Protein chains: 2
Amino acid sequence: MPEAAAVSGTPPGAGPGTPAEQELRLSIGQVAGRTGLSIHALRFYEREGLLVTPVHRGTDGHRVYTEWDLEWLEVCVRLRASGMPLTAIRRYADLVRQGTGNEEDRLTLLRQHQQHVTAQIAALTECLDLITFKIRFYEECRAQGPAQGPADPLLTPAVPPQS
Amino acid sequence: MPEAAAVSGTPPGAGPGTPAEQELRLSIGQVAGRTGLSIHALRFYEREGLLVTPVHRGTDGHRVYTEWDLEWLEVCVRLRASGMPLTAIRRYADLVRQGTGNEEDRLTLLRQHQQHVTAQIAALTECLDLITFKIRFYEECRAQGPAQGPADPLLTPAVPPQS
DNA sequence: CTAGGGCCTATAGTCAGCTCTAGGTCAAGC
DNA sequence: GCTTGACCTAGAGCTGACTATAGGCCCTAG
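What this report covers is the structure whose coordinates are included nearby. (Residues numbered from 1 in each chain as written. Chains lettered and ligands numbered in written order. Predicted model: local features only at pLDDT ≥ 70, side-chain atom pairs only at ≥ 80, totals over all residues. Heavy atoms only, no water.)

**Description of the protein's contact with DNA strand C**
Around DNA strand C lies a shell of 17 residues, among which Y45 of chain A together with S27, R43, R57 and R63 of chain B are the nearest. R57 of chain B places a polar side-chain atom, nitrogen or oxygen, 3.0 Å from a phosphate oxygen of DNA strand C. One of the backbone nitrogen or oxygen atoms of R63 of chain B is found 2.7 Å away from a phosphate oxygen of DNA strand C. Among the elements that take part in the surface near DNA strand C, helix α2 (residues 39-47) of chain A stands out by supplying 4 residues, more than any other. Among the residues making up the surface near DNA strand C, the classes are represented as 7 nonpolar, 6 polar and 4 charged. (Near = heavy atom within 4 Å. Polar contact = N/O pair within 3.5 Å; in protein donor to acceptor, adjacent residues only side chain to side chain. Helix = DSSP H or I, 4+ residues; strand = E, 2+ residues; numbered from the N terminus. Nonpolar A, V, L, I, M, F, W, Y, C, P; charged D, E, K, R; others polar.)

**Things to note about the protein's contact with DNA strand D**
Taken together, 16 residues lie around DNA strand D, and S27, R43, R57 and R63 of chain A together with Y45 of chain B are the ones closest in. Taking all atoms of DNA strand D within 4 Å of the protein, the share assigned to sugar and phosphate is 81%. One nitrogen or oxygen atom from the main chain of G29 of chain A is found 3.1 Å from a phosphate oxygen belonging to DNA strand D. Within the contact set of DNA strand D, a phosphate oxygen lies 2.7 Å away from a side-chain nitrogen or oxygen of Y45 of chain B. Listing elements by their share of the surface near DNA strand D, those giving two or more residues are α1 (28-35) and α2 of chain A together with α2 (39-47) of chain B.

**What to know about unusual backbone geometry**
You will see that V52 of chain A, though not glycine, has its phi angle at about 60°, which is positive. Residue V52 of chain A is classed as buried on the basis of its relative accessible area of 2%. (Buried < 20%, exposed > 50% of the residue type's maximum accessible area, 1.4 Å probe, protein only.)

**Section: the packing of aromatic side chains**
Evaluation of the coordinates by the stated rule reveals 8 aromatic pairs over all chains. Considering the side-chain rings of W72 of chain A and Y92 of chain A, the 5.5 Å spacing of their centres and the 40° angle between planes classify their relative orientation as tilted. Within this pair, whereas W72 of chain A is found in helix α3 (residues 67-81), its partner Y92 of chain A is found in helix α4 (residues 86-98), the two being separated by 20 residues in sequence. Classification of W72 of chain A as buried rests on a relative accessible area of 3%. Plain terms: the ring middles of F44 of chain B and Y45 of chain B are 6.2 Å apart, the flat faces sit at 50° to each other, and that makes the pair tilted. According to the relative accessible area criterion, F44 of chain B is partly exposed, its value standing at 32%. (Phe/Tyr/Trp six-rings, centres within 6.5 Å; stacked < 30°, edge-to-face > 60°.)

**With respect to α2 of chain B**
All names here are of chain B. Of all the positions in α2, only A41, L42, Y45 and E46 are classed as buried. Down the axis of α2, the buried set is contained in an arc of 135°. They therefore lie on one face. In α2, those exposed residues whose orientation departs by more than 90 degrees from the buried face are H40 and R47. Where α2 is buried, its residues meet α1 (28-35), β1 (56-57), β2 (63-64), α3 (67-81) and α4 (86-98). (Arc of directions from axis to C-beta. Contact = heavy atoms within 4.5 Å.)

**Focus on α1 of chain A**
Residues and elements named next belong to chain A. Of the positions making up α1, those classed as buried are I28, V31, A32 and T35. The buried residues of α1 occupy an angular sector of 105° when projected down its axis, which confines them to one face. Those residues of α1 that are buried are in contact with α2, β2 (63-64) and α3. Positive phi shows up at G36, right after α1, with a value of about 85°.

**Quick look at the environment of R90 of chain B**
Residues and elements named next belong to chain B. Take R90: it is sitting in helix α4. Among the residues examined, R90 registers a relative accessible area of 26% and is labelled partly exposed. Separated by 40 residues in sequence, R90 and L50 place their C-alpha atoms 4.7 Å apart. In contact with R90, not counting residues within four places along its chain, are E48, G49 and L50.

Next comes the structure, spelled out in structure tokens:
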């Protein structure tokens, strides 16, 4: 992770005049490379309104992504990776698009997702316990040699203490 | 979680004669209630070969689940909840169905999934960091009063230290 | 005797989230 | 001048995991 993923307020350009910031201008292919999203997915995300503003176009009609777009997309990727559905990301994008004043709504949305992710981690940790328990069980079977394994087909003792 | 989820070897009944164990016999509706799976999903899982053995039927053709079936299903639920695809669960069920002798294969399968889950937890934890960072950012915005918020639309400083 | 509930089969439909195809534009290089 | 490669749009198709529907059986209660 070389670059820092940022973005929190409103996209620039809405500001006074967009001074000639020597921004980097990325093609869709480059953004795909950096975000890990496919070119298809990038176009799809834009169509779905996940992008706060539609991406600027060059004279040839090709998409030109700014640093800000990239950072926003990186946030999207994280949110998706943590299971936020596209509809929720779109709602978040909508709020950002509307500009300042709805920080409470953004907080609510983020807090909900925070809870969701926390719950996911807890659930996964429980599952991991079960899996680890079973792995240990089979390792012990093996350690005791092929003859010593639970001879009777009926072997159902493999219960974690209390999950 | 009142009951312990178990199951590790081969289903009983393959053993000598199935002595008259006073097993509990559950209807599909009861199993749905206990596992959290829908009745539809239970039939679906069976069709898909996730169940080691097809469920026994009563005289009326209705499914009769044993304790063992229930426990196996609870394991399935955990595996699913941790993102194991149905195809992998089926492979696991296949191994169990084949009986003892393939413990190494089972171990491999479980270890792979263990890694997968561990990676998932790590990824989620990273995402959680970002979300928590953003939440703090908005909380600070709010704490500083509506006038003090980042006045300029261009506010893109919200970066976690190094994720 | 009929209404309801719980179950059965088989098959169709749904949903999210992409992914792919067809058909086309444009600029650079051989 | 032709090919190659990166991009464009619109729209169809796919995958995984269910979920719902249609049509039917059987038992029990009113």
